[in-house]
Amino acid sequence: MKKELKENQNDSDPPSAIEEHKEETIPLTTVAEEKPFVKSEIKTSDFNIISKETEDFRARFFPQASEKQWNSWRWQIQNSYTQFNKLSEVIDVKNIDDLAFLSKSRKLPLRITPYYASLLDKQGSDSPIAKTVVPSKLELIVSEGEESDPLHEDSMCPVPNLVHRYPDRTLLLSTGFCSVYCRYCTRSHMVLKDKKHFGTKAWSDSIDYIRNNPEVRDVIISGGDPLTINDKHLELLVSSIRAIPHVEIIRIGTKVPIVLPQRITKNLVKMLKKYHPLYLSIHVTHPDEITPEVAEAVTRLADAGIVLGSQTVLLKGVNDSVEVMKELMLKLLKIRIRPYYIYQCDPIPGSSHFRTPVSKGLEIIQGLRGFISGYAIPHYVIDAPGGGGKIPLLPEYYQGREGDYVLIKNFEGKQYKYYDPIL
Ligand SMILES: *Cc1c(COP(=O)(O)O)cnc(C)c1O
């Protein structure tokens, strides 16, 4: 008889999904859709780092919350800022009436964890990181080339919520819920529609598809944010994918270590490390995000052998300078996150105030390459509108040919010739 998952299983209980994953099927007894908004019991957490400024913020805005509660990721989600008037207590939210209108007309919800709000409070409403999560009237301006699903992901789903664009890897959209809603989110069309966990049953078709397509050797679990799913359900998903023999690596795309570091409990890490080789792509935007809390979360993951990469969206007024990107990339390297991608900001509706010219991205790469460790230099890519995939862009280091020589330019702008005869 199939073992059923216990509904009131504690996060610290031994995982019960292991038996089932041998059968390579999602047990249909676990349909229960988890609603992150519903108040549930706060369990004690083994996360216990609160930096000084964040502690001051807690004492000021959540005096009734204990340290234990603050360090619980569920408490953080349940007490997140989702209302403009509540947020305005923390930072100066301009034109709150307009924003109320905005929330009705566009509906990309407001959601900021108390932890992340504590970083905004320190910096003020015009700070780089506030711009990324606090709604703005500028979101109402829809510009040339913008569309709700710019990467045409919906047309590349062989089954719902599984994007198969490249020959050997697929992207599994595991949930519509995120712990923070970035104003420039490329999947805003999806989180706008769903805003919740799909439940485990929704993954069955994707897992069947991967199992039936042996060319898939790399599965990226994204969303929404997969690390907002509880340990039990997440393990069900990861173990089911791991049980497919031709899947070589599993990646998880997440912003949780940056905006909700409390989620990176020892139990989560202990569970994840059973499914190596596992990679984590962490969405990170600005050096101000690299706090002691984040360093702790990331250290736990790295110590468990999980390979950490970063993804950063290039955003005007946020991180669009060589200095800021350099500081960010070097800070990431120090906490063992290998910079992976800088993305040109995808043209979702109402995002033009975030977009820089492509020349800015090239200037940043040029300002990094040669000046700091090569390990600290990500690829700058445009995810081609219409679904062409990620296209890398490089400054003009290759300058053409002169007879049997190629002409190349170094990081200082000096020209060199390399003998490369045409055969
Ligand atoms: C980004 C992406 C991938 C992964 O691309 P890599 O360059 O291998 O990191 C896979 N599928 C889709 C649909 C993507 O958008």
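Residues numbered from 1 in each chain as written. Predicted model: local features only at pLDDT ≥ 70, side-chain atom pairs only at ≥ 80, totals over all residues.

As annotated in an unreviewed UniProt entry, the chain carries the name L-lysine 2,3-aminomutase and comes from Oceanispirochaeta crateris. Note on the chain: under the UniProt heading Catalytic activity (unreviewed entry), the record states "L-lysine = (3S)-3,6-diaminohexanoate". (UniProt positions renumbered as here; feature names shortened; annotations may be inferred.)

A. Seen up close, the site of the ligand. The local shell around the ligand consists of Val163, Arg165, Tyr166, Arg169, Leu171, Ile220 and Lys390. Tallied by class, the residues present in the shell around the ligand amount to four nonpolar, no polar and three charged. (Near = placed C-beta within 6 Å. Nonpolar A, V, L, I, M, F, W, Y, C, P; charged D, E, K, R; others polar.)

B. Inspection of the sheet that holds strand E10 (residues 398-402) at higher detail. The sheet built from three strands is open, its strands ordered E10-E11-E12 with antiparallel pairing. The two strands at the open ends of the sheet, each matched to only one other strand, are E10 and strand E12 (415-419). Recorded for the sheet is a direction-independent mean angle of 30 degrees between the axes of neighbouring strands. Inspection of the sheet shows strand E11 (residues 405-409) paired to E12 by five bridges, in the antiparallel sense. Looking at E12, one finds that Lys409 is bridged to Gln415. (Pairing = 2+ DSSP bridges. Helix = DSSP H or I, 4+ residues; strand = E, 2+ residues; numbered from the N terminus. Axes fitted to C-alpha atoms, helices over the stretch in contact; angles between N-to-C directions.)

C. Just helix H15 (residues 322-334), in detail. Here H15 contains 13 residues, and its C-alpha end-to-end distance of 18 Å stays within 8% of the 18 Å for a straight helix at 1.5 Å per residue. Looking only at H15, the buried set comprises Met325, Leu328, Met329 and Leu332. Each buried residue of H15 lies within a common arc of 95 degrees when the element is viewed along its axis, so the set occupies one face. Summarising the geometry of H15, the exposed residues directed more than 90 degrees from the buried face are Glu323 and Lys334. As for H15, its buried residues are in contact with strand E6 (307-313), strand E7 (338-343) and helix H16 (358-368). Arg336 occupies a position one or two residues after H15 and carries a positive phi of about 70 degrees. (Expected span 1.5 Å × (residues − 1). Buried ≥ 20, exposed ≤ 12 C-beta atoms within 10 Å, placed from the backbone. Arc of directions from axis to C-beta. Contact = placed C-beta atoms within 7 Å.)

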